[in-house]
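# Residue-level structural notes
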Amino acid sequence: MKVTLVGSGYVGLVTGACFAEKGHHVVCVDNDPKKIQILQSGHIPIYEPGLDDMVKRNVAAGRLRFTASTEEGVDHGQIVFIAVPTPPQDDGSVDMSFIESVARTIAGALKKYTVIVDKSTVPVKTGEKVTETIRRYNKLNSDFDVVSNPEFLREGSAIEDLMNPDRIIVGVMGQRPVPLLRELYAPFACPNFIVTDINSAELIKHASNSFLALKISYANAVAAICESSGANIEEVVNGMGFDKRIGRPFLNAGIGYGGSCFPKDLAAFIKIAEQLGHDFRLLKEVQRINSDASERFLKKLRAELWVLKDKTIGVLGLAFKPNTDDVRSSPAIDLVKKMQSEGAQVRAYDPQAMDKARDMLKGVTLCKDAYETAMGCDALVVATEWDEFRKLDLNRLKSALAHPTVFDGRNIFDPAKMSSHGFLYRSIGR
Ligand code: UDX
Ligand code: UDX
């Protein structure tokens, strides 16, 4: 099938590459000419495991190409996806200006029946608005349908999530586009192809992400109780996770969730609920526990180091999670800034996110690896759980540090092992 993705970021580019991998003919559009230039010259502007090879393979096979022209993309696609940002505004509501302007451009370029699919995370009833907009600017009065098909890909494992989805949600306002969407997703062999009304599909996305964030905050709240009672959060969530109704994923306590989705999606869902007359206090509490998680972690630092002013602290990890270079709303960056505001000197390293973090980290000494980061530090902080950090040579790490003190915000080390190596070791909920 001929497919177009408008917006070639973390979602659009990976989704486009996966459609091409399954045999579809894909055009990825982006209004950032620099990004298109990078893509056309055979480079990938983001780090996502497996993406580089997949893009190269499909470009070479003639199934994937890139353009800065939305019109060209619309000419190509039987199905045109919208995958542009929906960033939060100061009051938590979603800035819909990118979606609206892309909808207008698509409308102006329509020449044949086209299925326009919203992939970006949007407030419920956006599909209705996109439909009105396209109707208004549809010069040639071409036939079209608007569909909601939310993404559920996690950065760092986006290809795996896309190639083997748990479910595909297709929200429609009529049945006409359904066979096309079935054909598009047939090669993915997903057992759960769910067709709903468009409003429900949009809500499924916000309700799902908010629920996952809720699980994480629940684990962080229980971790606090573990610390006060001498229990071990790892044992507790493992025990809980064997209950199929609960499940082990997304119960890892730490310094809280971040990224381009959970923080903005929670704020948006609270706002959407408010506009519909509901005070979603449960989600406000999820947000509060999440900010509290990093504050409680800082308290551990203060408890051991007393004052942070003039202390040198090494930070391992800057990305909002491992296996990505994405630093948007990263709890690690937030932590660095808080430590700096208390006067600490910060040294930092991330296996992939250094370039993207550089501009956000004024005054931070960026290092070439974990050992260089630890050099002369009063303490080391683990902020992102990269596998590379789990495999560190603990003796080498200890001799690099001025004081063998490790604050592990992601529970990657075994407390007994750390103490047998002579570290003063603090982690979460243990
Ligand atoms: C997407 C969705 O937009 C967001 O709603 C969802 O919750 C997560 O996935 P993501 O792919 O992570 O966001 O964003 P980003 O990596 O910033 O990519 C968006 C791309 O769209 C950028 O490359 C940007 O240049 C492009 N863009 C933006 C357009 O092509 N047209 C525009 O009008 C605006
Ligand atoms: C999320 C959704 O999981 C995905 O389905 C899609 O809708 C986009 O948003 P993403 O933000 O890429 O994906 O990563 P995710 O793996 O969900 O992690 C989000 C944040 O939660 C990270 O900061 C991560 O470190 C944190 N997290 C995750 C925890 O603190 N504990 C956990 O147990 C799991």
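Residues numbered from 1 in each chain as written. Chains lettered and ligands numbered in written order. Predicted model: local features only at pLDDT ≥ 70, side-chain atom pairs only at ≥ 80, totals over all residues. Heavy atoms only, no water.

## Focus on the environment of Arg154
Mapped onto the secondary structure, Arg154 falls in the loop between β6 (144-148) and α7 (158-163). Taking relative accessible area as the criterion, Arg154 reaches 38% and is therefore assigned partly exposed. Along the sequence, Arg154 and Leu212 sit 58 residues apart, while their C-alpha atoms lie 12 Å from each other. Discounting chain neighbours no more than four positions away, the residues touching Arg154 are Glu48, Asp161, Phe250 and Lys321. (Helix = DSSP H or I, 4+ residues; strand = E, 2+ residues; numbered from the N terminus. Buried < 20%, exposed > 50% of the residue type's maximum accessible area, 1.4 Å probe, protein only. Contact = heavy atoms within 4.5 Å.)

## Details of the domain arrangement of the chain
Segmentation of the chain into domains returns domain 1 (2-191) and domain 2 (211-426). Opposite the 20 residues of domain 1 that make contact, domain 2 presents 21 residues. Taken as a group, Tyr10, Tyr47 and Glu155 account for 40% of the area that domain 1 buries against domain 2, more than any other trio of residues on that side. Linking domain 1 with domain 2 are two salt bridges. One salt bridge in this structure joins Glu155 and Arg328, with 3.6 Å as the shortest N-O distance. The interface formed by domain 1 and domain 2 includes seven residue pairs in polar contact (both at pLDDT 80 or more). Across the side of domain 1 that touches domain 2, the residue classes tally to 10 nonpolar, five polar and five charged. (Domains from an automatic or database assignment. Buried area = accessible area lost by both parts, 1.4 Å probe. Salt bridge = Lys/Arg side-chain N within 4 Å of Asp/Glu carboxyl O. Polar contact = N/O pair within 3.5 Å; in protein donor to acceptor, adjacent residues only side chain to side chain. Nonpolar A, V, L, I, M, F, W, Y, C, P; charged D, E, K, R; others polar.)

## Focus on the site of ligand 2
Near ligand 2 there are 19 residues, and of these Glu155, Asn252, Gly258, Phe320 and Lys321 occur at the shortest range. Measuring from an oxygen atom of ligand 2, one finds a side-chain N or O atom of Lys205 at 3.2 Å. Contact between ligand 2 and Asn252: an oxygen atom at 2.8 Å from a main-chain N or O atom of the residue. Protein coverage of the free-state accessible area of ligand 2, which is 660 Å², stands at 94%. With three residues, the single largest contributor to the shell around ligand 2 is helix α9 (residues 198-229). (Near = heavy atom within 4 Å. Areas by Shrake-Rupley, 256 points an atom, 1.4 Å probe, with all protein chains shown as cover.)

## Remarks on the pattern of salt bridges
Using the criterion set out here, one finds 32 salt bridges in the structure. As a salt-bridge pair, Lys356 and Asp325 come within 2.9 Å of each other at their nearest N and O atoms. One end of the pair, Lys356, is in helix α14 (residues 354-358); the other, Asp325, is in the loop between β9 (312-316) and α13 (331-341), and 31 residues separate them in sequence. What emerges from the salt-bridge pattern is a single network uniting Asp91, Lys271 and Glu274.

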